[in-house]
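Commentary on secondary and tertiary structure
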Amino acid sequence: MQRRRLLFATAAVLALSACSTVQRSSRPTLQPNAVWAVAPFANHTETPMAGRRAQSIVAEWLAAAVSPSVVTPPVEWLDESLFEKGQLRSTPELLQWAKSAGARYLVIGQVSEWRYKVGVDGEPAVGLALTVLDVGSGQRVYSAVGGKSGFSRESLAGVAQKLVRELLGPLAP
């Protein structure tokens, strides 16, 4: 009996140590098989190229779960370097690019956390804010923000993929 309690307590502590907090708007009605565009993400962290990494994960998740037609901007727009943050494009400029690429929806995002926490365990932690815009009207159709931390043996990319799935999961058909 004592052993069972100890096992239960350990499982509860482990379950709570990999927490996430997510806020989403209501699920929108989306055009099926639409083309999606994913803009470069703003990197508000001290981790170089966190915006590029998050953008890549979002684009690939959308292609796998929502629509096979996902476009990203030209390479010259991805000017975030190892030591300096990239120049972000304005929303009207991004909408114009997405329209010229034939996209119906545009995802813009911000990375607020992308790191391994300092300490003995060094848990991965990710924070993202994502917004989906209707390219034709420029109106927001969906938004989500969240943060997630993982176990000490998990990868940062793995935690980011789980968070993206939680944030954008309602968009999947």
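So, a few notes on the structure that sits alongside this text. (Residues numbered from 1 in each chain as written. Predicted model: local features only at pLDDT ≥ 70, side-chain atom pairs only at ≥ 80, totals over all residues. Heavy atoms only, no water.)

A word on unusual backbone geometry
Worth spelling out the cut-off: Put simply, DSSP marks the helices as runs of H or I at least four residues long and the strands as runs of E at least two long, and each gets a number from the N terminus on. Only protein chains enter the accessibility calculation, which uses a 1.4 Å probe; a residue whose area is less than 20% of its type maximum is buried, one above 50% is exposed, and one in between is partly exposed.
The backbone phi angle of Asn 33 is positive, close to 60 degrees, even though this residue is not glycine. You can see Asn 33 is positioned in the loop between strand E1 (20–24) and strand E2 (36–38). Assessed through its relative accessible area of 68%, Asn 33 is described here as exposed. The residue Met 49 is not glycine, and still its phi comes out positive at about 60 degrees. Mapping Met 49 onto the fold places it in the loop between strand E3 (42–43) and helix H2 (50–65).

Quick look at the pattern of salt bridges
What counts here: Salt bridges are identified by distance alone: a Lys or Arg side-chain nitrogen within 4 Å of an Asp or Glu carboxyl oxygen.
The tally for this structure, following the rule as stated, stands at five salt bridges. As a salt-bridge pair, Lys 148 and Glu 166 come within 3.2 Å of each other at their nearest N and O atoms. With Lys 148 in strand E7 (residues 140–149) and Glu 166 in helix H4 (residues 156–168), this residue pair connects regions lying 18 residues apart in the sequence. Since its relative accessible area comes to 13%, Lys 148 is described here as buried.

A look at the packing of H2 against H4
Put simply, the rule reads: Angles here are taken between N-to-C directions and fall from 0 to 180 degrees, while the axes themselves are lines fitted to C-alpha atoms, restricted in helices to the stretch in contact. Angle categories are assigned with fixed cut-offs, so that under 35 degrees is roughly parallel, over 145 is roughly antiparallel, 65 to 115 is roughly perpendicular, and the rest are oblique. Definitions for this section: a left-handed crossing has its near helix turned counterclockwise from the far helix by less than a right angle. A right-handed crossing has that turn clockwise. Any two residues whose heavy atoms approach within 4.5 Å at even a single point are treated as in contact. Three residue categories are used. Nonpolar comprises Ala, Val, Leu, Ile, Met, Phe, Trp, Tyr, Cys and Pro, charged comprises Asp, Glu, Lys and Arg, and polar comprises the others, including Gly.
Where H2 contacts H4, the two axes come as close as 10 Å, and the packing angle between them is 55 degrees. Taken together, H2 and H4 sit at an angle that is classed as oblique. The way H2 lies across H4 gives a crossing that is right-handed. Side by side, H2 and H4 meet where Ile 57, Val 58, Trp 61 and Leu 62 of the first sit next to Ala 157, Ala 160, Gln 161, Val 164, Arg 165 and Leu 168 of the second. Residue classes in the contact of H2 with H4 are distributed as eight nonpolar, one polar and one charged.

Overview of the pairing of strand E6 (residues 124–134)
How we decide: Paired strands, as defined in this entry, are two strands with at least two bridges between them according to DSSP.
Most of E6 is tucked away, with ten of its eleven residues classed as buried. Inspection of the sheet shows strand E5 (residues 105–116) paired to E6 by eleven bridges, in the antiparallel sense. Counterpart to Gly 109 in the pairing with E6 is Leu 130. Two elements, E6 and E7, share nine bridges in a ladder whose sense is antiparallel.

Some thoughts on the environment of Ala 34
By secondary structure assignment, the location of Ala 34 is in the loop between E1 and E2. Separated by 71 residues in the primary sequence, Ala 34 and Tyr 105 have C-alpha atoms spaced 7.5 Å apart. Other than its neighbours up to four places away in sequence, Ala 34 contacts Ser 67, Ser 69, Arg 104 and Tyr 105.

Let's talk about H2
This is how the line gets drawn: To estimate how far a helix should reach, multiply one less than its number of residues by 1.5 Å.
Spanning 16 residues, H2 covers 22 Å between terminal C-alpha atoms, matching the ideal 22 Å at 1.5 Å per step. Within the span of H2, buried status applies to Ala 50, Gly 51, Ala 54, Gln 55, Ile 57, Val 58, Ala 59, Trp 61 and Leu 62. Turning to H2, the residues buried within the fold contact E2, E3, strand E4 (70–71), E5, E6 and H4.

A few points about the nonpolar core
Filter applied, for reference: Nine residue types can take part in a nonpolar core, namely buried Ala, Val, Leu, Ile, Met, Phe, Trp, Tyr and Cys, and a core is a set of them joined through side-chain atoms within 4.5 Å.
Of all hydrophobic cores here, the largest spans 30 residues; its most connected members are Trp 36, Val 58, Leu 62, Trp 114 and Leu 168. Put simply, the parts of the chain that give this core at least two residues each are E2, H2, E5, E6, E7 and H4. Discounting residues that sit within four places of it in the chain, Val 58 has contacts with Val 38, Phe 41, Val 107, Leu 130, Val 164 and Leu 168. With ten residues, the next largest nonpolar core counts Ala 37, Leu 94, Ala 103 and Val 135 among its residues.

As far as function goes, none of this settles anything; it's purely spatial.
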